[in-house]
Amino acid sequence: MTGAQPHDDAAFTVMGWCPNALRPMMSGDGLVLRVQPPGGRLTRAQAKALAGLALRHGNGLIDLSSRGNIQLRGIDGADHPALLDHLRAQDLIAAADRAEAARIMTVTPFADSATDRLAASLWSALRRAPQLPGKFGFVVDTGMAPVMQHVPGDIRLERDAAGGIILRCDGAALGAPVDPNNAAEAALALARWFCAAGGVTEGRGRMAALIARGIHPDDGLRGTVAPAPAATPPEPGPVAQGLLVGIALGQMQAATLAALAQVGALRVTPWRMLLIEGAQRCPDLPGLILHKDDPLRRVVACTGAPGCHQALRPVRDLARRLAPQVPQGRLLHVSGCAKGCAHPGAADVTLVATARGFDLIRGGTAQDPVARCDLTTDEIEIGSHF
Ligand code: SF4
């Protein structure tokens, strides 16, 4: 069937929270448990241990999230307490439950020593954070070049054009200049202001929504300075800190993570890539993207069926098959339902699974009006839609 039609089976559940280690989320393949490596760093021992835990307690699949976290999949609920003990022993979750629940923090993988200090002090300060909504998070993007302006986060530490540190509310164009020595405390104060200003309703709320209502922080935290212009998005290949490698569709086998741990310590990025510290080359392991022109860099896909119980169809094999049809510089998003988890923004072409096939959307999100409906997997050819 062709012609513009609305989705007629677009219902999906918005959970309003992200899984963490203490509160895993049930999915179609068991519990999904999210680990937030401190500062986005994994030592070789931690990476090797995570790979072992993914095999011992899960189904061996490991996801990279768009906030620079690591997800273990297929966890048996009965294994959760033992898994938490192992993660604590590896220093991969906070000693106190409250501290673990509060910290959603994404740190630039291109951190210099000053950024490392800032991230560590914010990590520590978040133990004193107020009760924040489940998706509320912090971004530390104070490396030499700003690279995380499109990474989700409510409170953002960034640099201005002169190299100074600013504290910016998501949704605001300007940030407040802060002393690097006080930046973590200022971020904490901004989180408290967010709660006091009415940013949380029934446990939910985001900073950008509060700013959009015309509510801004008081003088000391009010934005007056623009962030530095964003740098070019990173690509797989050598960087000053080591080697960036892509993870196809954001998911790898535990064996791949274990093999990468042999090469070097890892920094987790929000771009479904890992930075191998100090490395210049890496073995061509299954699921790795080593070249910037790899067609798999032009597709994103969510978990789909059967791993997600909201999915109406499998999506990953279709995304792999269609990747060579996507022109350089364009993006195809294949989604298991209209929620569009893998890519909330617009893509050049989006395919959304339905009860009868896939709907095709040009230049929109998974929830936008469709251009073609109910295409069967076999008949989908997308080259003409770019
Ligand atoms: S978009 Fe994909 S991962 Fe998200 S709920 Fe739908 S099927 Fe599940």
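The present account deals with the structure reproduced in this document. (Residues numbered from 1 in each chain as written. Predicted model: local features only at pLDDT ≥ 70, side-chain atom pairs only at ≥ 80, totals over all residues. Heavy atoms only, no water.)

Right, let's talk about the packing of aromatic side chains for a bit. With the rule as written, the count across this model stands at three aromatic pairs. Note on Phe110 and Trp271: the rings are 6.1 Å apart at their centroids and 20° apart in plane angle, and the pair reads as stacked. Pair noted here: Phe110 is in the loop between strand S6 (105–107) and helix H4 (113–125) and Trp271 is in the loop between strand S14 (266–268) and strand S15 (273–277), with a separation of 161 residues, a long-range link. Relative to Phe138, the ring of Phe136 has its centre 5.9 Å away and its plane inclined at 75°; by these criteria the two rings are edge-to-face. The same class applies to Phe136 as to Phe138, namely buried. Through a chain of ring-to-ring contacts, three or more aromatic side chains come together here, namely Phe136, Phe138 and Phe194. (Phe/Tyr/Trp six-rings, centres within 6.5 Å; stacked < 30°, edge-to-face > 60°. Helix = DSSP H or I, 4+ residues; strand = E, 2+ residues; numbered from the N terminus. Buried < 20%, exposed > 50% of the residue type's maximum accessible area, 1.4 Å probe, protein only.)

Let's shift gears to the site of the ligand. Cys302, Cys308, Gln310, Ala311, Ser335, Gly336, Cys337, Lys339, Gly340 and Cys341 make up every residue found near the ligand. Of the residues belonging to the shell around the ligand, the class tally is five nonpolar, four polar and one charged. (Near = heavy atom within 4 Å. Nonpolar A, V, L, I, M, F, W, Y, C, P; charged D, E, K, R; others polar.)

If you walk through the whole model with that rule in mind, you get 15 salt bridges. A salt bridge links Arg41 to Glu277, with the nearest nitrogen and oxygen atoms 3.5 Å apart. A residue pair is termed long-range when its members are at least 10 positions apart, and Arg41 in strand S3 (residues 41–42) and Glu277 in strand S15 qualify at 236 residues. Taking relative accessible area as the criterion, Arg41 reaches 23% and is therefore assigned partly exposed. Using a relative accessible area of 27% as the deciding quantity, one classes Glu277 as partly exposed. Salt-bridge contacts for Asp112 lead to Arg159; the nearest nitrogen and oxygen are separated by 3.9 Å. On the criterion of sequence distance, the pair formed by Asp112 in the loop between S6 and H4 and Arg159 in strand S8 (residues 155–159) is long-range, its members being 47 residues apart. Each of Arg41, Asp116, Arg267 and Glu277 takes part in one network of salt bridges that share partners. (Salt bridge = Lys/Arg side-chain N within 4 Å of Asp/Glu carboxyl O.)

This part is about unusual backbone geometry. Geometrically, the link from Ala305 to Pro306 is a cis peptide bond, its omega value of 0° lying close to zero. Position of Pro306 among the secondary structure elements: in the loop between strand S17 (299–301) and helix H8 (316–322). Positive phi is not limited to glycine here, since Leu249 has a value of about 55°. Structurally, the position occupied by Leu249 is in the loop between strand S12 (242–247) and strand S13 (251–253). Here Arg272, not a glycine, exhibits a phi torsion of approximately 55°, which is positive. A relative accessible area of 23% means that Arg272 is categorised as partly exposed.

Keep in mind that these numbers describe shape and distance, not what the molecule does.
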